[in-house]
Amino acid sequence: KAGVTQTPRYLIKTRGQQVTLSCSPISGHRSVSWYQQTPGQGLQFLFEYFSETQRNKGNFPGRFSGRQFSNSRSEMNVSTLELGDSALYLCASSLGVTPPREQYFGPGTRLTVT
Amino acid sequence: KNEVEQSPQNLTAQEGEFITINCSYSVGISALHWLQQHPGGGIVSLFMLSSGKKKHGRLIATINIQEKHSSLHITASHPRDSAVYICAVRWLRDGGSQGNLIFGKGTKLSVKP
């Protein structure tokens, strides 16, 4: 089975621009979660989706949004980019949320905002 | 205070040593995950626990739900074990529904040959 894929792998954007990141889960997985990792804050939760519904949302500003499609693929969007948005963005997929399931992580998208 | 605390933050060991990494949490949980992250970013799930103990090769993970504490042990450590080990908990809301994952800051392990 193919693993979790994320595109693009690297991205350089300018302050004020917007960006869309994509995540394709493992086949059969219906839950996708997004995380931001920075050296200062570590891993922080952004969103969790199951069957196109947002199940949980982290404590991030409204500039961060996401969605999940009927084929379980997910996208996240960051509008009006700030320098502090520079981070590694990871997505993870799992079979479901309840009961808790093992999470399979993608390689991440490294976003640099200049 | 962070909801998930790991210790130590950094750990240097000699090849062959027995290693223990600790994780304490302050919330009710449905599961605890141990993750491994190598330089370059890729994260691999090592264990998911809700009770007791699990073993995979040289890795052992234990959890004590009453004490809100988990440990990850590595026996006969090897330089290829050098990585960051991250503890994460799936918290439980008061009504019993699943919250999101909350992460510890990670333990950076370096195993010298």
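Source: prediction; values computed, not measured.

Caption draft 1: Structural context of the sheet that holds strand β7 (residues 59-64) of chain B. Residues and elements named next belong to chain B. One open sheet accounts for five strands, arranged β1-β3-β8-β7-β6; its pairing is antiparallel. Every interior strand has two partners, whereas the edge strands, β1 (4-7) and β6 (52-56), have only one. Between one strand and the next, the sheet's axes are offset by a mean angle of 15 degrees, whatever the strand orientation. Taken together, the six bridges between strand β3 (residues 19-25) and strand β8 (residues 69-74) define a ladder with antiparallel strand orientation. Bridging across to β8, Ser24 finds its partner in His69.

Caption draft 2: Layout of the state of the cysteines. If you walk through the whole model with that rule in mind, you get two disulfides over all chains. Bridging Cys23(A) to Cys91(A), the disulfide has an S-S length of 1.9 Å. On the sign convention where negative is left-handed, the bridge of Cys23(A) and Cys91(A), at about 70 degrees about the S-S bond, is right-handed. Of the two residues, Cys23(A) sits in strand β3 (residues 19-24) while Cys91(A) sits in strand β9 (residues 87-94), which places them 68 residues apart along the sequence. Classification of Cys23(A) by relative accessible area gives buried; the value is 0%. Across a sulfur-sulfur distance of 1.9 Å, Cys23(B) and Cys87(B) are joined as a disulfide pair. Looking along the S-S bond of the Cys23(B)-Cys87(B) disulfide, the torsion reads about -60 degrees, which is the left-handed sense.

Caption draft 3: Representation of the packing of aromatic side chains within the structure. For the coordinates displayed, the defined rule picks out five aromatic pairs over all chains. For the ring pair Tyr35(A) and Phe105(A), a centre distance of 5.8 Å and an interplane angle of 35 degrees mean the geometry is tilted. With Tyr35(A) in strand β4 (residues 31-38) and Phe105(A) in strand β10 (residues 104-105), the pair connects residues that are 70 residues apart, well separated along the chain. The pair Tyr35(A) / Phe105(A) is uniform in exposure class, with both members buried. Judged by centre distance (6.1 Å) and plane angle (45 degrees), the rings of Phe47(A) and Tyr49(A) are tilted. Assigned by exposure class, Phe47(A) and Tyr49(A) land together as buried. A network of ring pairs unites the aromatic residues Tyr35(A), Phe45(A), Phe105(A) and Phe103(B) as a single cluster.

Caption draft 4: Spatial organisation of the pairing of strand β4 (residues 29-37) of chain B. Residues and elements named next belong to chain B. When you tally the buried positions in β4, you get nine out of nine residues, the bulk of the element. Where β4 lies against strand β9 (residues 83-92), eight bridges are found, and the strand directions are antiparallel. Counted as the bridge partner of Ala31 is Arg90 from β9. Alignment of β4 against strand β5 (residues 43-49), held across six bridges, turns out to be antiparallel. Among the inter-strand pairings, Gln36 is bridged to a residue of β5, identified as Val44.

Cut-offs applied
- Residues numbered from 1 in each chain as written.
- Chains lettered and ligands numbered in written order.
- Predicted model: local features only at pLDDT ≥ 70, side-chain atom pairs only at ≥ 80, totals over all residues.
- Heavy atoms only, no water.
- Pairing = 2+ DSSP bridges.
- Helix = DSSP H or I, 4+ residues; strand = E, 2+ residues; numbered from the N terminus.
- Axes fitted to C-alpha atoms, helices over the stretch in contact; angles between N-to-C directions.
- Disulfide = S-S within 2.5 Å.
- Buried < 20%, exposed > 50% of the residue type's maximum accessible area, 1.4 Å probe, protein only.
- Phe/Tyr/Trp six-rings, centres within 6.5 Å; stacked < 30°, edge-to-face > 60°.

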